[in-house]
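The lines below spell out each chain.
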Amino acid sequence: MINFKNEIAKAISKVTDIDVKELETYIEIPPNSDLGDYAFPCFKLAKTLRKAPPVIAAEIKENIGIDGEIIQQIDIVGGYLNIHINKETLVENVIKEVLEKQEKYGSSDIGQGKNVVIDYSAPNIAKPFHIGHLRSTVIGGALYKIYNFLGYNSVGINYLGEWGLQFGKVMAGYDMWKDEYDFTKNEIQSILKIYVRFCQEEKEKPELTEKAREYFKKLEEGNKKQVETWEWIRKISLENYQKTYKLLNSKFDSYNGEAYYNDKMDAVVEELRKKGLLKESEGAQVVDLEAYDMPPCIIITSAGTTIYATRDLASLKDRINKYHFDKAIYVVGNEQRLHFKQVFKVLELMGYPEYASRCEHVPFGLVVDKDGEKIGSRKGNSIFLEDILKEAIQKVEKIIDEKNPNLENKEEVARKVGVGAIIFNDLSNSRIKDEIFDWDMLLNFQGETGPYIQYIYVRTRSLLEKSSYVPELEKLDFSKLQEKEAIETIKLLYRFNEFVENAAQKNEPSIVARYLIDVAQSFSTFYNEHKIITEDKSIQHIRLALTYCVGIVLKTGVELLGMEMPNKM
């Protein structure tokens, strides 16, 4: 496909003798398409060429040599060159490329041979999947798919929270009260009830805390009974999580959690000691980071135990050895920002600056209700993700029963729309912002929502079914698609790869989500202004081709976010 920015930059380079790659970075897209398809700010060249921007603009326009196949018209506005490209060339390039590549359209091989390790989700075992882990799961899942789409080898790691005193509490409580609970119906809920009960009772009975320590010590020492109980809890937790992961289309290549690194931390501590990085501070062993405007990074606590930073360093060393990663991404809440800055800096000081520079913390905000209060806080809102997903599906089923009761595969459609609404609601705004969870908003079929994009996709399918064919490339007359609304849609389709690559560069799936809203809205405008099925078959062919291309991009795009498309709604 023609790279229009590159072609424009090459044309300007011939006039100015300035490097094509440099010129390409200056080219902008005007806020109003009436001003042109691309804009070149000549003031960027004023210092180099030692001329006023309007003079530079005039000289470039006079000498650029417009052949019409790429550049159709150039206007000068102040110090800008406003460039209009050949619309027929654009239409032909986009439609040919989509029809040829199908679901691979927008992909690339820029990541070929590179591993991207993505650490996301990471729920705590012995508890049902909490809504607090929704954001990490869907953001990480989208990044996993986006990087794969760009040719990288994504490695999804679910760093399970599976170690620590809390499991001593669970095991002690299980031994004391297991006969009081029904484990035949929902094992994970019964385990949670025991844990909650233990935490409540230890407030009045401090001896229970000591009992929990004894149980956890036995687990650390490898006591057969405690290890078997822990393994059982881990197993039933994962079985419970897999139901949610299946709904969310989340994939992991490793479930190595905290326990996996128990025998790998001593080597990290010894390496830090040998390299003279450990210092004693108030009984603890720390790495002093004062020179980097950070508090010390605790490696061994005053009680002689390891801590999160120790395990994260051990996991990083392990991931370096296993994956030789090009990027290591941690999709973890914003409150851990300082922790990761410390860990990455310590890794650098240990002698791994190249790998430390490849590590990135991808933070995100909270899930809040429409009043701005954290979900699951003192309002007592539902906090288990499985319950929320089921409720979303049920709400969509009710909408279907009201609006389209004879719809085939209602349950499957409700699942795709309901779960898709949850995913898109999370990903449609910048991840650093709090996610507003509002049923009326996220299930709206007209707003900037997942169901709206699915509805527009279904409309494209309906038009193709009504015409009963997908136009053959040889029968397309690209000159017949010149309406402003059609060109705006084509221009968006042309930029699909640009938005996907930008999402990867910024680790920001919302860039793809917002792009899909723009595509859906643009096509809806075109559809409302112009008939697709017409008496003039040459016009019908090209409009159906555009319709088909829009469907391909919408479907590919939502799948990158972890959603699924229904064929009917």
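Everything that follows concerns the structure shown earlier in this document.
None of the values given here were measured: they were computed from a predicted structure.

What counts as what
- Residues numbered from 1 in each chain as written.
- Predicted model: local features only at pLDDT ≥ 70, side-chain atom pairs only at ≥ 80, totals over all residues.
- Heavy atoms only, no water.
- Helix = DSSP H or I, 4+ residues; strand = E, 2+ residues; numbered from the N terminus.
- Buried < 20%, exposed > 50% of the residue type's maximum accessible area, 1.4 Å probe, protein only.
- Contact = heavy atoms within 4.5 Å.
- Areas by Shrake-Rupley, 256 points an atom, 1.4 Å probe, with all protein chains shown as cover.
- Lys, Arg positive; Asp, Glu negative; His and termini not counted.
- Charge placed at Lys NZ, Arg CZ, Asp CG, Glu CD.
- Salt bridge = Lys/Arg side-chain N within 4 Å of Asp/Glu carboxyl O.
- Core = buried A, V, L, I, M, F, W, Y, C linked by side-chain atoms within 4.5 Å.
- Polar contact = N/O pair within 3.5 Å; in protein donor to acceptor, adjacent residues only side chain to side chain.
- Pairing = 2+ DSSP bridges.
- Axes fitted to C-alpha atoms, helices over the stretch in contact; angles between N-to-C directions.
- Phe/Tyr/Trp six-rings, centres within 6.5 Å; stacked < 30°, edge-to-face > 60°.
- Lys NZ or Arg CZ within 6 Å of the ring centre and 35° of its normal.

Participant: Which parts of the structure should I look at to understand the overall build of the protein chain?
Facilitator: Within the protein chain, the secondary structure is distributed over 22 helices and 12 strands. With the C-alpha coordinates of the protein chain rotated into their principal frame, the extents come out at 85 × 65 × 40 Å. Looking at the protein chain residue by residue over its 569 residues, the buried ones come to 53%. Summarising the internal contacts of the protein chain: among those between residues at least 6 apart in sequence, 72% fall at separations of at least 24. On the protein chain, roughly 26,400 Å² of surface is accessible, and the fraction owed to carbon and sulfur atoms is 46%. Once the 77 positive and 89 negative side-chain charges of the protein chain are each reduced to a mean point, those two points are 1 Å apart.

Participant: Quick question: what am I supposed to make of the pattern of salt bridges here?
Facilitator: Two side chains bearing opposite charge may form a pair once their charged atoms approach each other closely. Scanning all chains against the criterion turns up 38 salt bridges. For Glu59, the salt bridge goes to Lys51, with nearest N and O atoms at 2.8 Å. Taking relative accessible area as the criterion, Glu59 reaches 31% and is therefore assigned partly exposed. The class of Lys51 is partly exposed, set by a relative accessible area of 35%. For the salt bridge of Glu202 with Lys169, the shortest nitrogen-to-oxygen distance reads 2.8 Å. Note that Glu202 is positioned in the loop between α8 (187–201) and α9 (207–221) and Lys169 in helix α7 (residues 165–177), a separation of 33 residues in sequence. The pair Glu202 / Lys169 is uniform in exposure class, with both members buried. Residues joined in a network through salt bridges with shared partners are Asp37, Lys87, Glu488 and Lys491.

Participant: Just checking my understanding: could you explain the environment of Val138 for this structure?
Facilitator: Inspection of the secondary structure puts Val138 in helix α6 (residues 134–149). Those residues in contact with Val138 that sit more than four places away from it in its chain are Leu248, Ile423, Asp426 and Leu427.

Participant: Looking at this structure, how should I read the nonpolar core?
Facilitator: Soluble, globular proteins show a tendency: their nonpolar side chains are buried together. Counting 148 residues, the largest nonpolar core has Ile95 and Leu554 as its most contacted members. With 12 residues, helix α22 (residues 537–560) is the largest single contributor of residues to this core. Excluding residues within four positions of it along the chain, Ile95 makes contact with Leu476, Phe478, Leu481, Ile490, Ile542, Ala545, Leu546 and Cys549. Within the second largest apolar cluster, 35 residues are counted, among which are Val155, Met294, Leu313 and Leu347.

Participant: Before we go on, may I ask you to explain the side chain of Glu271 in this structure?
Facilitator: Tracing the sequence through the fold places Glu271 in helix α11 (residues 265–274). Among the polar contacts made by the side chain of Glu271, one reaches the side chain of Lys275 at a distance of 2.8 Å. Setting aside chain neighbours within four positions, we find Glu271 in contact with Lys317, Met350 and Tyr352.

Participant: Mind showing me how you'd approach the sheet that holds strand β4 (residues 115–119) here?
Facilitator: Backbone-to-backbone hydrogen bonds join strands into a sheet, with any given pair of strands oriented parallel or antiparallel. Within the open sheet, the four strands sit side by side as β5-β4-β9-β10. Their pairing is parallel. Sheet topology places β5 (153–157) and β10 (359–362) at the edges, where each strand pairs with a single neighbour. Neighbour-to-neighbour, the strand axes of this sheet turn through a mean angle of 20°, independent of strand direction. Here β4 pairs with strand β9 (residues 327–331) via four bridges, running parallel. Considered in β9, the bridge of Val117 is made with Ala328. The sheet contacts of helix α12 (residues 308–323) involve β4, β5, β9 and β10, and relative to β4 the element is tilted by about 150°.

Participant: Sorry if this is basic, but what is going on with the sheet that holds strand β2 (residues 71–77) here?
Facilitator: Strand order in the open sheet formed by three strands is β1-β3-β2, and the pairing between neighbours is antiparallel. Unpaired on one side and paired on the other, β1 (38–41) and β2 mark the two borders of the sheet. Direction aside, neighbouring strands of the sheet carry axes that sit 25° apart on average.

Participant: Where do I start with the packing of aromatic side chains in this structure?
Facilitator: For the coordinates displayed, the defined rule picks out 27 aromatic pairs. Pairing Phe129 with Tyr241 gives two aromatic rings, centres 5.7 Å apart and planes at 90°, and the pair type is edge-to-face. Residue Phe129 is located in the loop between β4 and α6, and its partner Tyr241 is located in helix α10 (residues 224–247); the two are separated by 112 residues in the primary sequence. The exposure class of Tyr241 is buried, given its relative accessible area of 1%. Ring centres of Tyr174 and Trp232 lie 5.3 Å apart, and the angle between their planes is 45°; on these two criteria the pair is classed as tilted. Here Tyr174 is found in helix α7, whereas its partner Trp232 is found in helix α10, with 58 residues between them in sequence. Residue Trp232 is classed as partly exposed on the basis of its relative accessible area of 23%. Sitting above the plane of the Tyr215 ring, Lys218 keeps its charged end 5.6 Å from the centroid.

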